[in-house]
Amino acid sequence: MKNGEIIRNKRLKDNYFRVDFYSPELCKQAKAGQFAHVKICGIPNKVLRRPFSISDVSSEGLLTIIYKVVGAGTEALSSLKPGDTCDIMGPLGNPFSPSVKSDIPVIIAGGYGAAATYLIAKNSPSPGILLLGARTAKDLILTDEFKRLGFEVKVSTEDASEGYGGRVTGLMEELLADKNRRNMKFYACGPHGMLMAAGKLILQHGLDGELSLDHLMCCGVGACFACVVKVKADNSDGWRYARTCKEGPVFKASEVYYDLEPE
Amino acid sequence: MKNGEIIRNKRLKDNYFRVDFYSPELCKQAKAGQFAHVKICGIPNKVLRRPFSISDVSSEGLLTIIYKVVGAGTEALSSLKPGDTCDIMGPLGNPFSPSVKSDIPVIIAGGYGAAATYLIAKNSPSPGILLLGARTAKDLILTDEFKRLGFEVKVSTEDASEGYGGRVTGLMEELLADKNRRNMKFYACGPHGMLMAAGKLILQHGLDGELSLDHLMCCGVGACFACVVKVKADNSDGWRYARTCKEGPVFKASEVYYDLEPE
Amino acid sequence: MKIDLNVDLGKLKLKNPVMTASGTFGYGFEYAKFFPLEKLGAVVVKGIATFPSHGNPTPRVVEVESGMLNAIGLQGPGVEKFLHGEEYLPFLRKSNATIIVNIWGKTIDDYIEVASRLEAEKKGIHALEINISCPNIKEGGVAFGTDLKLAHKVVSEVRKVTKLPLITKLSPNVSSIKDFARTVEDAGSDMISLINTITGMAIDIETWKPKLANVTGGLSGPAIKPVALRMVYEASQAVKIPIIGMGGIMNADDAIEFLLAGASAIAVGTAIFTDPIAPLKVIEGIENYLIRKKLSSVSEITGKLIINRKKG
Amino acid sequence: MKIDLNVDLGKLKLKNPVMTASGTFGYGFEYAKFFPLEKLGAVVVKGIATFPSHGNPTPRVVEVESGMLNAIGLQGPGVEKFLHGEEYLPFLRKSNATIIVNIWGKTIDDYIEVASRLEAEKKGIHALEINISCPNIKEGGVAFGTDLKLAHKVVSEVRKVTKLPLITKLSPNVSSIKDFARTVEDAGSDMISLINTITGMAIDIETWKPKLANVTGGLSGPAIKPVALRMVYEASQAVKIPIIGMGGIMNADDAIEFLLAGASAIAVGTAIFTDPIAPLKVIEGIENYLIRKKLSSVSEITGKLIINRKKG
Ligand SMILES: Cc1cc2nc3c(=O)[nH]c(=O)nc-3n(C[C@H](O)[C@H](O)[C@H](O)COP(=O)(O)OP(=O)(O)OC[C@H]3O[C@@H](n4cnc5c(N)ncnc54)[C@H](O)[C@@H]3O)c2cc1C
Ligand SMILES: Cc1cc2nc3c(=O)[nH]c(=O)nc-3n(C[C@H](O)[C@H](O)[C@H](O)COP(=O)(O)OP(=O)(O)OC[C@H]3O[C@@H](n4cnc5c(N)ncnc54)[C@H](O)[C@@H]3O)c2cc1C
Ligand SMILES: Cc1cc2nc3c(=O)[nH]c(=O)nc-3n(C[C@H](O)[C@H](O)[C@H](O)COP(=O)(O)O)c2cc1C
Ligand SMILES: Cc1cc2nc3c(=O)[nH]c(=O)nc-3n(C[C@H](O)[C@H](O)[C@H](O)COP(=O)(O)O)c2cc1C
Ligand code: FES
Ligand code: FES
C-alpha cells in the first residue's frame, strides 16, 4: 500500500462521508485534536490543501477522516476511489490535553466536531458525556460510536427534530446546573459561535475546558498567518492573533479572547 | 444514449487513440474534411475546446475521431471511459470537394492527416493512392484501413524505419514523374511544412489539389480570428489572413499564399 | 412572480444585463445559428477601424492556467465593409438585436473618423464602445488607455461627432482605475466597460521562444476575474455613470458577483469559446437566482455589496 | 557532467536560483522540519517592520480559480523580536541558509529604522528586500510601489543606512513596470524582485459580502503567471541589475520560463502551500532540464528568450 492511499471512502450519513487513508507514520504520532492537511487530487483549478481533523487512527496504519461535502474540495474527495492517493501532511497542530482518570470528560460538539473529538473519548480512562448539537437530525453523526465507548450521549437540534430542542449550550446549562459534577473537563469543537458561547459558559462556572478553534487555512504549519483567531495577550489591546494551525487548533477556554464583534 | 456519450475509447497504436462518440445529428451532416470541436470534460484549468477532424461517421450515429496524445487535453481525453460525455460542436468548417469517378484521388498525409482524409477515401467512387509520411514507423496509422478501401498505400519515414526513406514529398515527386496520371486530384492534410511543400508541387505540375490547413483554434466558428493562415488576396500585400475554422480548414492549393517566411 | 431583467444604462436600455464581450463573438453572424441574437442584452461586435487590417502574425492565442492569452491584433474588415458587407451590419440590422459597435484607431483622427461614419449610418446601432485598451497593437490601443490625457482627448473628440450613447472600455494595465474612470466620465462617456485583457506572456521552454508571435498578449478568462471584480468595484465608487463589467465571467454566479460589485450590466467573453450558449445560460442563471432570492428585478442587486469594515 | 546551479546576483551569490517568496515561508522555522533550509538558494522571510503588528481581520484568504487572494496585512513580531526571538533570526543563523529579510513600513522613517536595526545586527543576514508593494495595508506598502517619487525616496534612504545588498520588490499594479524598475535601479537598488500580488476581490453571492474582511486582497498562484512573466521580461529589458522573478511558479517548467524571460533567480510562493517541498522539486527540475538540454550551468538560460518579430 502506498502512503496516502485510500482504502475505504463511503457515505456515513447524508452529506457526511468517512474516508480511511493508509498513513502509518501519521497514525503513530497522531493525538486527539490534531489535524491532517490533505492535497485532494483531482480538484480542478485549486491550489490549497484541505485541513481535516484526525477522527481515528488504527494500529494497521489507517487514518480515518469524517468529512462533510460543502464545496469543490470535499466534493472531489467524495468521488475518489480506493486505490487513489492523496498527499497528506500531518499530524499538525496542538492536541487536546488527555483526560485523566479523575476527570469526567464532557465533549461539546457541533458539525464535524464529533469526529474531531472522537479520539478524546476513545482514549479517555473514564467514560464521559457527549453533548452533540446540530441544526437538524440528519447532521447528528457518530452518536452510536460514542455510546459504544460508554459515553452518555445527549443531542440537541435547533429544529427540535431530535433530542433537546435548541442549541447545544442549552444542554450544557442543564448539565452545569447539576452542582455535583465539579470534576468535569470540557472539550469543544464546532462552529465558531458555538465555541464562543461554550467557552464563556465554561469560564463562568470556573471550570476547565479546551476549545478547538479553526479558520480557513493555507500552509497549515504557522507560516502564512491566514488562520488566526484572537487570544488574550499582554499588550495594550488585550489580544493578539494566534495561528490556529500552529498555536491551536486547541486552545484553553481561558486563553481565548471573547470578542464583542461577531466573526 | 446521450449526445456526446463515449461508446469506445481505445489505443490504436503507440500514442494514437480512437474514440467513438454517439452523435447522430453531427453524423448526418458531416462531410470529409470537416471537424468537431470538443469540450473535453475533466481537463483541469482549461477554457478552450479541442478541434479534431471527423475521421469517420456511421449510420448508427457514431462519430470516430483519431487523436494523438500531445498535451493535457488529449491526455484527459484518453482517460475518459465509455459512458463519459463530451460536449461536441460540429460539423464545422468547409469540407474537401468530393472526388468524382474520373479522378484518381491522391491523398498526401502526415500525422493525424490519415484520419482527416479517411472519409475522402471511403466516399471516393474510384480507388486512389495514399502517400503517408511520418518521422518514424510508429507514427504511421490507418494503412490497413486505406488498403481495405482499395487504396494503394505508400509510406515514407524520415528515419527510413519503414517504406521510402525521406519526406512524403519525395513519394509525391516519384508519382508526379509518372506522366500518365494526369487526372490525379490531390488531398493533403498534415504538418504545415509538409502542406506548403505539397501545395507548391501540385501547382508546379499544374494539377488540382486541396490542402487542409489548421491552426490553434478558439471559437471554431469564425468569430475570434485566432486560427488564421495566409491566402492570396487582391490587395496591395497580395495576401490576407483567412480563418481556417470557417473559410477552411480545406483550401485549394491555388488559394494558399506560399510565404517565404517559415511558420 | 415575473422577473424584470431590464437594465437602464442611461441613454441605453437593455432587455437583460448580459452582453457579449467584443472580439469573442465576431460580428454576431457566426453565432446566429446557435441562438437568436435578440435574446442577448446586447451584441458587442469586434473592434472596427476606418481601415481594414491584417492583425498580428500567428500564433495568436495560447491557453494558460484558467485562461488564455490572445494577440489577435484587431484583424478586421474596416468600417466600409462593416457598414455594407452582408455578414456585418446589414445582417445585424435584420437580427433585431441591440447592437454595440466597438471602435479603435491608431490615431485620434482614426477614432473620430470611424465614429463619424457610424454616426452617419447609425440605423440599427445602439451605442459605440471606444476601445482604448487593446494591448495587442503597436500604435494606438492601450497607449490611449494608459495615459489620462490621451484617454480624455479620444473620448471628448468622439463625443463631438456622435450622439450615440458612448461606452469607454478601460484597460486594467494601470495603477489607478479610478482616475481613468473619472477622466472618461468627465470627457463625456455615458458608460464605462471594464476590464479589457491584462498583458501577459508565455514561453516555450523547448524552443526558448515566446508562445505568441506578438511576444505578449492579453490575458482573459477565470484567471483575471478577481482583478476585474476589484476594478469594477473601484470604478463604481469613483463615477456616477453606469458600468459594464467583464473579465472571466463563466457562469451566472460570476455575473452576479460583478453586479453586486457595482456593474449594471456584464459581458461574457472567453466563456463563449468554452460554450457558445454561455451568455444564454448566464441570463437564465441570473433569473433563477433572483427567483431563489425572492427578488423581482435585477436592478435590486446592482452595487449591493455589503461592506462592513472590521477593525484589525 | 556536473551542473552548476550557482547564481551571481552581483553583491549576492546563491548556491542555486530558487528562493522562497516572502510571506509564504514564514520565518523558515516552520518548514525546517520538512527539509534543511540550506538547500535553498535563499530563504526570504515574511515582512518585518520596526513595530509588531496584528495584521488584518479575518477571513484573510480565499481560494479562487488557479490561485488565491490574501489580505494577511503583514502580521508580524516587529524587528526586535525578530532579532532576538528564538524562532526567528537566531534560529535562522544556525540553519546555515542564505537569509534575506523582507522589510516594510508605514512611513519612510519606518523603512529607514528597520533597515538600520538589521544593518546593526546583520550577522547571518545576506540581503534586504524592500517591500514597497504590499496591497493589503492602508498606510505605506503599495502606496510606495505605485508612486515613482516615493519609490525612489524609500530605496535611496534605505540605501544610505545599510551596506547589505538591496532588493526592491515591485508592485504589478502599475501602468509601466519599466519606469519603476529604472527608478529603483537609479535609487541604488542592487536587484529587483517581482511580482508581488495583483489586487483582486471575491464576493459571496449568498451574503452579498466580500469574501475577505479587508474587501480586497492580493492575487497569487498560477493565475498571475502570464502577467508576472511579462513584467519580468519588461523589467529585464529596462535595467541592468539582476532580477528575481516570481508569481505563480508551481514547478521547474514555470521557473525556467522566468529564467528565459530574464530572471537570474526565482522565488516559489503559493506553491509551497500546495506542497511544502515544492522549492526543492523546482531545484531538482531545473537541474534535470539542464542535463536534458546538455547545458552545464543555469546562467546559460537566463534571459535567453529568442525574439523573432515576424511581420503581420
Ligand atoms: C483544523 C481544521 C479541522 C477540520 N476538520 C474537519 C473535519 O474533520 N471534517 C470536515 O468535514 N471538515 C473539517 N474542517 C473544515 C474543512 O477543512 C472544510 O470543510 C474544507 O476545507 C472545505 O473544502 P471545500 O473545497 O469542499 O469547500 P470550499 O469550496 O473551499 O468552501 C465551501 C465552504 O466551506 C467554507 N470553508 C472552507 N474551508 C473552510 C475551513 N477550513 N474552515 C471552515 N470553513 C471552511 C468556505 O468558506 C465555504 O463557505 C476542518 C477545518 C480545519 C481548519
Ligand atoms: C481543424 C483541426 C483538426 C484537427 N484534427 C486532429 C485529429 O484528427 N487528430 C489529432 O490528433 N489532432 C487533431 N488536431 C490537433 C488537435 O486539435 C491538438 O492536438 C489538440 O488540440 C491538442 O490538445 P492538448 O490539450 O492535448 O495539447 P496542448 O497542451 O494544448 O498542446 C500540446 C501541443 O500541441 C500543439 N497544439 C495544440 N493545439 C493545436 C492545434 N489546434 N493545432 C496544432 N497544434 C496544436 C501545441 O502548440 C503544443 O505544442 C486538429 C486541429 C485542428 C485545428
Ligand atoms: C480573442 C479575443 C479578442 C478580443 N478582441 C477584442 C476587441 O476587438 N476589442 C475589445 O475591446 N476587446 C477585445 N477583447 C477583450 C474582451 O472583450 C474582454 O474585455 C476580455 O476578454 C475579458 O473578458 P473575458 O475574460 O470574459 O474574456 C478580446 C478578447 C479575446 C479573448
Ligand atoms: C499569504 C501570502 C503572504 C504574503 N506576504 C508577503 C510579505 O509579507 N511580503 C512580500 O513582499 N510579499 C508577500 N507576499 C507575496 C509573495 O511573496 C509573492 O510575491 C506573490 O505571492 C507571488 O508569488 P506566488 O504566485 O508564487 O505566490 C505574500 C503572498 C502570499 C500568498
Ligand atoms: S494556515 Fe498558515 S499560519 Fe495557519
Ligand atoms: S477559431 Fe475563432 S476564428 Fe477560427
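Residues numbered from 1 in each chain as written. Chains lettered and ligands numbered in written order. Predicted model: local features only at pLDDT ≥ 70, side-chain atom pairs only at ≥ 80, totals over all residues. Heavy atoms only, no water.

Observations regarding the site of ligand 2
All names here are of chain B. Around ligand 2 lies a shell of 18 residues, among which Arg50, Pro51, Ile66, Gly73 and Thr74 are the nearest. A distance of 2.6 Å separates an oxygen atom of ligand 2 from a polar atom in the backbone of proline 51. Between ligand 2 and lysine 68, the relevant distance is 2.8 Å, taken from an oxygen atom to a main-chain nitrogen or oxygen of the residue. Here ligand 2 has 850 Å² of accessible area as a free molecule, and 75% of this is covered by the chains. Those elements that provide at least two residues to the shell around ligand 2 are strand S4 (50–53), strand S6 (62–68) and helix H2 (72–78). Top contributing element to the shell around ligand 2 by residue count: S4, with four residues. Here the residues of the shell around ligand 2 are counted per class, giving ten nonpolar, five polar and three charged. Counting contributing residues per domain, the shell around ligand 2 is built from domain 1 (2–92) and domain 2 (104–252), each supplying no fewer than three. (Near = heavy atom within 4 Å. Polar contact = N/O pair within 3.5 Å; in protein donor to acceptor, adjacent residues only side chain to side chain. Areas by Shrake-Rupley, 256 points an atom, 1.4 Å probe, with all protein chains shown as cover. Helix = DSSP H or I, 4+ residues; strand = E, 2+ residues; numbered from the N terminus. Nonpolar A, V, L, I, M, F, W, Y, C, P; charged D, E, K, R; others polar. Domains from an automatic or database assignment.)

Observations concerning the side chain of threonine 64 of chain A
Residues and elements named next belong to chain A. You can see threonine 64 is positioned in strand S6 (residues 62–68). For threonine 64, a relative accessible area of 6% translates into the label buried. Among the polar contacts made by the side chain of threonine 64, one reaches the side chain of aspartate 20 at a distance of 2.9 Å. Excluding anything up to four places from it in sequence, threonine 64 contacts Arg18, Val19, Asp20, Ser53, Ile54, Ser55 and Asp56. (Buried < 20%, exposed > 50% of the residue type's maximum accessible area, 1.4 Å probe, protein only. Contact = heavy atoms within 4.5 Å.)

Looking at the packing of aromatic side chains
Two aromatic rings, taken as a pair, are described by how far apart their centres are and by the angle between their planes. Tallied over the entire structure, the rule returns 34 aromatic pairs over all chains. Where phenylalanine 29 of chain D meets phenylalanine 91 of chain D, the ring centres are 5.0 Å apart and the plane angle is 80 degrees; that geometry is what we call edge-to-face. In this pair, phenylalanine 29 of chain D is assigned in the loop between strand S3 (18–20) and strand S4 (43–48) and phenylalanine 91 of chain D in helix H2 (residues 89–95), connecting sequence segments 62 residues apart. Here the aromatic cluster, defined as three or more aromatic residues joined through ring pairs, consists of Phe225 of chain A together with Tyr27, Phe82 and Tyr88 of chain D. Between lysine 230 of chain A and the ring centre of tryptophan 239 of chain A, over which it is positioned, the NZ or CZ distance is 4.3 Å. The ring of tyrosine 241 of chain A has arginine 60 of chain D lying over it, and the distance from NZ or CZ to the ring centre is 4.6 Å. (Phe/Tyr/Trp six-rings, centres within 6.5 Å; stacked < 30°, edge-to-face > 60°. Lys NZ or Arg CZ within 6 Å of the ring centre and 35° of its normal.)

Quick look at the packing of helix H5 (residues 148–161) of chain C against helix H6 (residues 177–186) of chain C
Residue and element names in this part refer to chain C. Relative orientation of the contacting elements H5 and H6 amounts to 30 degrees, with a least axis distance of 8 Å. Viewed along their axes, H5 and H6 adopt a mutual orientation that is roughly parallel. For the pair H5 and H6, the crossing hand works out as right-handed. Contacts from Leu148, Ala151, His152 and Val155 in H5 reach Asp179, Phe180, Thr183, Val184 and Asp186 in H6. (Axes fitted to C-alpha atoms, helices over the stretch in contact; angles between N-to-C directions. Parallel < 35°, antiparallel > 145°, perpendicular 65-115°, else oblique. Left-handed = near helix turned anticlockwise from the far one by under 90°.)

Examining the site of ligand 1
All names here are of chain A. Within the structure, ligand 1 sits among 18 residues, and Arg50, Pro51, Lys68, Gly73 and Thr74 are positioned closest to it. At 2.8 Å from an oxygen atom of ligand 1 is found a main-chain nitrogen or oxygen belonging to lysine 68. Its free accessible area being 850 Å², ligand 1 has 76% of it covered by the protein chains. It is strand S4 (residues 50–53) that provides the largest number of residues to the shell around ligand 1, a total of four residues.

Side note on the side chain of lysine 230 of chain A
Relative to the helices and strands, lysine 230 of chain A is located in strand S14 (residues 228–232). What makes lysine 230 of chain A buried here is its relative accessible area of 14%.

Some points on helix H5 (residues 148–161) of chain D
Here H5 of chain D contains 14 residues, and its C-alpha end-to-end distance of 21 Å stays within 8% of the 20 Å for a straight helix at 1.5 Å per residue. When we look at burial in H5 of chain D, the residues that qualify are Ala151, Val154, Val155, Ser156, Glu157, Val158 and Arg159 of chain D. (Expected span 1.5 Å × (residues − 1).)

Purely geometric stuff here, so don't read any function into it on its own.
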